[in-house]
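Read off the chains here:
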Amino acid sequence: MTDLLSRVIDSRCKFPVFDRSLFGAFSAFETIAPTIREQIHVGGSLCAINDGQFIAGHLALSTLKVISPKADFMTVLREPRSRVLSLWLYWRTHSDDQLAPWGDWAAYVRRAREPLAAFLTCPDIACQTDNLITRMLLWPHPLVPRDNFIEETNDRALVAAAARVLDHFAFVDTIENPRFHANLQNWIALPLEYPEINATPPVPVDLQSPLEKELRDSTLKLLERRTRLDSQLWSGAMKRLSIQIDVALFARNIFVRNIARFSRLMGG
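Here's what I pulled together on the structure shown here. (Residues numbered from 1 in each chain as written. Predicted model: local features only at pLDDT ≥ 70, side-chain atom pairs only at ≥ 80, totals over all residues. Heavy atoms only, no water.)

Concerning the pairing of strand β3 (residues 74–77)
Item 1. Side chains T75 and L77 project from β3 onto a buried face, and the interleaved M74 and V76 project onto a face without burial.
Item 2. In this structure, β3 lies alongside strand β4 (residues 171–174), joined through 4 bridges in parallel fashion. Within the sheet, the bridge partner assigned to V76 lies in β4 and is D173. (Buried < 20%, exposed > 50% of the residue type's maximum accessible area, 1.4 Å probe, protein only. Helix = DSSP H or I, 4+ residues; strand = E, 2+ residues; numbered from the N terminus. Pairing = 2+ DSSP bridges.)

Some words on the nonpolar core
Item 1. With 40 residues, the main nonpolar core has F23, W88, W105 and F119 as its most contacted residues.
Item 2. At the level of secondary structure, the elements contributing two or more residues to this core comprise α4 (80–92), α6 (106–109), α7 (116–119), α9 (132–138), α13 (217–226) and α15 (247–265).
Item 3. Ignoring anything within four residues of it in the chain, the contact list for W88 reads A112, E114, P115, L116, F119, L211, E214 and M266. (Core = buried A, V, L, I, M, F, W, Y, C linked by side-chain atoms within 4.5 Å. Contact = heavy atoms within 4.5 Å.)

Details of α13
Item 1. By the burial criterion, the buried members of α13 are T219, L222, L223 and R226. Down the axis of α13, the buried side of the element spans an arc of 100°, and every buried residue falls inside it. Opposite the buried face of α13, by more than 90 degrees, sit the exposed residues D217 and K221.
Item 2. In this fold, the buried residues of α13 make contact with α4, α7, α8 (126–129), α12 (211–214), α14 (228–240) and α15. (Arc of directions from axis to C-beta.)

Things to note about the pattern of salt bridges
Item 1. The tally for this structure, following the rule as stated, stands at 9 salt bridges.
Item 2. In this structure, R225 engages E152 in a salt bridge whose closest nitrogen and oxygen atoms are separated by 3.5 Å. Placement of the pair is R225 in helix α13 and E152 in the loop between α9 and α10 (155–166), with a sequence separation of 73 residues.
Item 3. Among the ionic contacts, a cluster of salt bridges with common partners joins E79, R81 and E224. (Salt bridge = Lys/Arg side-chain N within 4 Å of Asp/Glu carboxyl O.)

With respect to unusual backbone geometry
Item 1. Across the junction of W139 and P140, the peptide omega takes the value -10°, indicating a cis bond.
Item 2. Mapped onto the secondary structure, P140 falls in the loop between α9 and α10.
Item 3. The backbone phi angle of A189 is positive, close to 60°, even though this residue is not glycine.
Item 4. The residue A189 is located in the loop between α11 (180–188) and α12 in this model.

And the structure:
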C-alpha cells in the first residue's frame, strides 16, 4: 500500500523505513550492511521535510512527528492475531543467504524457525510480537519494555493512551474493512488501483509442518495474550467506522480464513 500511495502522490523523498521501535534492545546496527542500515533511523536528529511530501514506513508515531510535525497522520490496522502469524511465516521464509546482510539481527529473525509457541515466548523479539500497534503508537513509553513483554497490570493505561493517540490521526482504517479502498481513495481524493503485492511466499519445505499442530489451545491462548491490547484497538477502529457488523464475529471469521491461507503456505 505504501508503494502505491507513494506513486500516486509522486513522492520522491527517501527517509528511513524502520526505526528503533522495531528492534527492541538490539544495538549492533554496525553489523548490518550499509544499504540496509541507511533505511533504519537509529538515533540522532532527523530533518523536517517540506509540506506536501509523503512519508511511509514501519515507523513509530514519535519518529514521524520529528520528520514532519505538521503532517496529517494515517494508519491502517490489521487483525492482530493474523499479523503475528503472518510475521512468523514471513520470517520463516528467509534463507541464511537472504539474512546475511542483516548482520547480528539475523539471529532474531531465525527465531521464526522455532515452533510458534517458542517464537511467541522469546522476550528479545517482543518488540515485534507483543502488541506492536500499541508499541508503535506510544514508543518510547516507560511502561513498554524494549526486551520483554508488556505487563498485564498496565493494560488499561496503555490501551487508553494508545486510543487517545489514534483519535488524533487524520485517517484510521483496517485492512479488512470491506470499504477500506473506497475510504482511502475518498480521503486522498485521488484514484487508486490495488494490485496484489507483498504476498508471503510458501515456507521452505524443511521448515513446513501442519499448522494445526502449531495452533494448540495453549499456543492460541498465548497468541491472544500477545495481541490483547492491539485487538482492543483494532476492534475500536472497526466500531468507529460505523460498519453494521458484529465485530467479534467478524474478527473470528477473518482469523479462521487466514489460518486456512497460512496452512497452504506451510504445505497443508
